[in-house]
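A closer look at the structure
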Amino acid sequence: MAWALKLPLADEVIESGLVQDFDASLSGIGQELGAGAYSMSDVLALPIFKQEESSLPPDNENKILPFQYVLCAATSPAVKLHDETLTYLNQGQSYEIRMLDNRKLGELPEINGKLVKSIFRVVFHDRRLQYTEHQQLEGWRWNRPGDRILDIDIPMSVGIIDPRANPTQLNTVEFLWDPAKRTSVFIQVHCISTEFTMRKHGGEKGVPFRVQIDTFKENENGEYTEHLHSASCQIKVFKPKGADRKQKTDREKMEKRTPHEKEKYQPSYETTILTECSPWPEITYVNNSPSPGFNSSHSSFSLGEGNGSPNHQPEPPPPVTDVSLKLNNLLPTTTPQEAQQWLHRNRFSTFTRLFTNFSGADLLKLTRDDVIQICGPADGIRLFNALKGRMVRPRLTIYVCQESLHLREQQQQQQKREDGDSNGTFFVYHAIYLEELTAVELTEKIAQLFSISPRQISQIYKQGPTGIHVLISDEMIQNFQEEACFILDTMKAETNDSYHIILK
């Protein structure tokens, strides 16, 4: 049995009024909240939202940048949301960076059909290490003589023009490229993150680096100084195959987390997109001055004296003041300043900073292995030979004696024998060292011996069988026996102040 409750007419009127009042009260609440009493901007201005607000991307990040650089290496899955991506690289492995042109139609028309210059750098991510960059790179250079921090793999790269690596900038490379054409550059990073840790007891975390790319266009003078775009990303470098193991470890850790915890981390992407950043502060390094050409083998670079700062240039050699230094002699008494002059003059300018406080005695105490470890094999052997004063052995050595002196000595010896003096005499010969084994060289050496001009020697003959005079030729000199002895006889030539030389 259903019961229906019917209200009197007065009750219906009362119920209708209550509903209207309730709707009005709800309407008032909505109007109060939406009228600006609780503004969203005021809410976000509260201190508790300050930190979260700073991590949000700014509005200008959504703009289309003229260029985009993509590092073909996967990002780590163990990075929290709103944090910068982190990419693991293997030491010495070639990684592709794609240079993409994202310009809109009509944007930057001044670079259409022209080349731009991009400068790659590997720099420190931590501010503490940035302040001590010079000392850090000097220490790395000492431990890894002859090596570079950053190289370009030329054979694998596509579209790059005139790649260069300044020996004084171990962490910097540069090249030109055409934005309208496909461009991919393969880079190699040769330092590992744990080389710059404070304490090295094993198991410590390596310091992060940054790969930064600055792109410039030509100015009116043809110099690449007008900044167009800069971008960078955070990396860590491991020993070979270490990056793969670290990526696998991070992935396994994330798989063990709950779905709720995974939401706090960003996914791993197959490639790393470099994000826009401020240009390298010391852009005065970017100029049109000639720099050494690039060599794809990092070990073939001469050890530089750069400190990672773009504005650093080699110091000019100081003037030579010491007499012994002018004679290319490095003595144990040589002061550090004089040793610097000696290094400059003997083409070891790139090592002057390494040997700043070395005196002559300090340098002369270095063993061959020490010098090779510091300077690398090629320059190390050259420096060691220069320190030890080793001369190149001549190709041919002959001994000569003037006939007049020879006859005089013979006459004196015969006179002594007649007087009953049994003491023998000896003949004085002079050594002549030949390198080119030519008649011209022999003429010059004999002229020096007689203290005359080579023009005063008309011809040189060798006395042959039955006393004939054979004209000296290059082939004859090349067939001289080592340490052969000759007596020099001079004969007046037909022209004035000219002589013929006869070798007996």
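What counts as what
Residues numbered from 1 in each chain as written. Predicted model: local features only at pLDDT ≥ 70, side-chain atom pairs only at ≥ 80, totals over all residues. Heavy atoms only, no water. UniProt positions renumbered as here; feature names shortened; annotations may be inferred. Helix = DSSP H or I, 4+ residues; strand = E, 2+ residues; numbered from the N terminus. Buried < 20%, exposed > 50% of the residue type's maximum accessible area, 1.4 Å probe, protein only. Areas by Shrake-Rupley, 256 points an atom, 1.4 Å probe, with all protein chains shown as cover. 1 Å grid on protein atoms, 1.4 Å probe; cavity = no way out; pocket = protein on both sides within 12 Å on 5 of 7 lines; lining within 4 Å. Points joined across faces, edges and corners; volume = space filled by probe spheres on them. Nonpolar A, V, L, I, M, F, W, Y, C, P; charged D, E, K, R; others polar. Axes fitted to C-alpha atoms, helices over the stretch in contact; angles between N-to-C directions. Parallel < 35°, antiparallel > 145°, perpendicular 65-115°, else oblique. Left-handed = near helix turned anticlockwise from the far one by under 90°. Contact = heavy atoms within 4.5 Å. Salt bridge = Lys/Arg side-chain N within 4 Å of Asp/Glu carboxyl O. Expected span 1.5 Å × (residues − 1). Pairing = 2+ DSSP bridges. Arc of directions from axis to C-beta.

- For the chain, an unreviewed UniProt entry supplies the name Alpha-globin transcription factor CP2 isoform X1 and the organism Leptonychotes weddellii.
- The Sequence similarities (unreviewed entry) field of the UniProt record for the chain holds the comment "Belongs to the grh/CP2 family. CP2 subfamily."
- Note on the chain: under the UniProt heading Subcellular location (unreviewed entry), the record states "Nucleus".

**Description of the overall build of the chain**
- Helix and strand counts for the chain stand at 15 helices and 18 strands.
- For the chain, the residues scored as buried account for 39% of the 504 residues in total.
- Of the roughly 30200 Å² of accessible surface on the chain, 52% is carried by carbon and sulfur atoms.

**Here's the deal with the layout of surface pockets**
- The calculated volume of the second largest pocket comes to roughly 350 Å³.
- Lining the second largest pocket are 15 residues, and of these Tyr 88, Lys 205, Lys 236, Lys 246 and Asp 250 lie nearest its centre.
- Broken down by element, the lining of the second largest pocket gets its largest block of residues, four residues, from helix H6 (residues 242-255).
- Of the residues belonging to the lining of the second largest pocket, the class tally is six nonpolar, two polar and seven charged.

**Remarks on empty space enclosed by the protein**
- Considering all chains together, one arrives at one cavity of 30 Å³ or more under this definition.
- If you add up the space inside the largest cavity, you get close to 60 Å³.
- Considering every element that reaches the lining of the largest cavity, the biggest residue donor is strand E4 (residues 116-124), with three residues.
- Residues belonging to the lining of the largest cavity are distributed by class as follows: eight nonpolar, one polar and one charged.

**Section: the packing of helix H11 (residues 368-375) against helix H12 (residues 377-387)**
- Where H11 contacts H12, the axes come no closer than 7 Å and their chain directions differ by 140 degrees. When the axis of H11 is compared with that of H12, the two are oblique. H11 and H12 meet at a crossing whose hand is right-handed. Residues Arg 368, Val 371, Ile 372 and Cys 375 of H11 pack against Pro 377, Asp 379, Gly 380, Ile 381, Leu 383, Phe 384 and Leu 387 of H12.
- Broken down by class, the residue content of the contact of H11 with H12 amounts to eight nonpolar, one polar and two charged.

**Remarks on the pattern of salt bridges**
- Here the structure, examined in full by the defined rule, presents 15 salt bridges.
- Among the salt bridges present, the one from Asp 101 reaches Arg 103, with a minimum N-O distance of 3.0 Å.
- We classify Arg 103 as buried; its relative accessible area is 18%.
- The closest approach of N and O atoms between Glu 110 and Lys 217, which form a salt bridge, is 2.7 Å. In this pair, Glu 110 is assigned in the loop between strand E3 (95-101) and E4 and Lys 217 in strand E9 (residues 209-218), connecting sequence segments 107 residues apart.
- Through salt bridges with shared partners, a single network forms among Glu 110, Lys 217 and Glu 226.

**Looking at helix H14 (residues 439-450)**
- The end-to-end C-alpha separation of H14 is 17 Å, in line with the 16 Å expected for twelve residues at 1.5 Å each.
- Along H14, the residues classified as buried are Ala 439, Glu 441, Leu 442, Thr 443, Ile 446, Ala 447 and Phe 450.
- Next to the buried residues of H14 lie strand E13 (396-402), strand E14 (430-434), strand E15 (457-463), helix H15 (474-478), strand E17 (484-492) and strand E18 (499-503).
- Backbone geometry just downstream of H14 places Ser 451 in the positive-phi region, at approximately 60 degrees.

**Observations concerning the sheet that holds strand E8 (residues 183-189)**
- Here five strands make up an open sheet; going across it, the order is E5-E8-E3-E1-E11 and the pairing antiparallel. Edge positions in the sheet fall to strand E5 (150-152) and strand E11 (272-273), since each of these pairs with one other strand and no more.

**Observations regarding H11**
- Where H11 is concerned, the buried positions are Val 371, Ile 374 and Cys 375. Seen along its axis, H11 keeps its buried residues to an arc of 80 degrees; they face one direction. Away from its buried face, by an angle of more than 90 degrees, H11 presents the exposed residues Asp 369 and Gln 373.
- Packing partners of the buried residues in H11 comprise helix H5 (133-143) and H12.
- Phi turns positive, to about 90 degrees, at Gly 376, one or two residues after H11.

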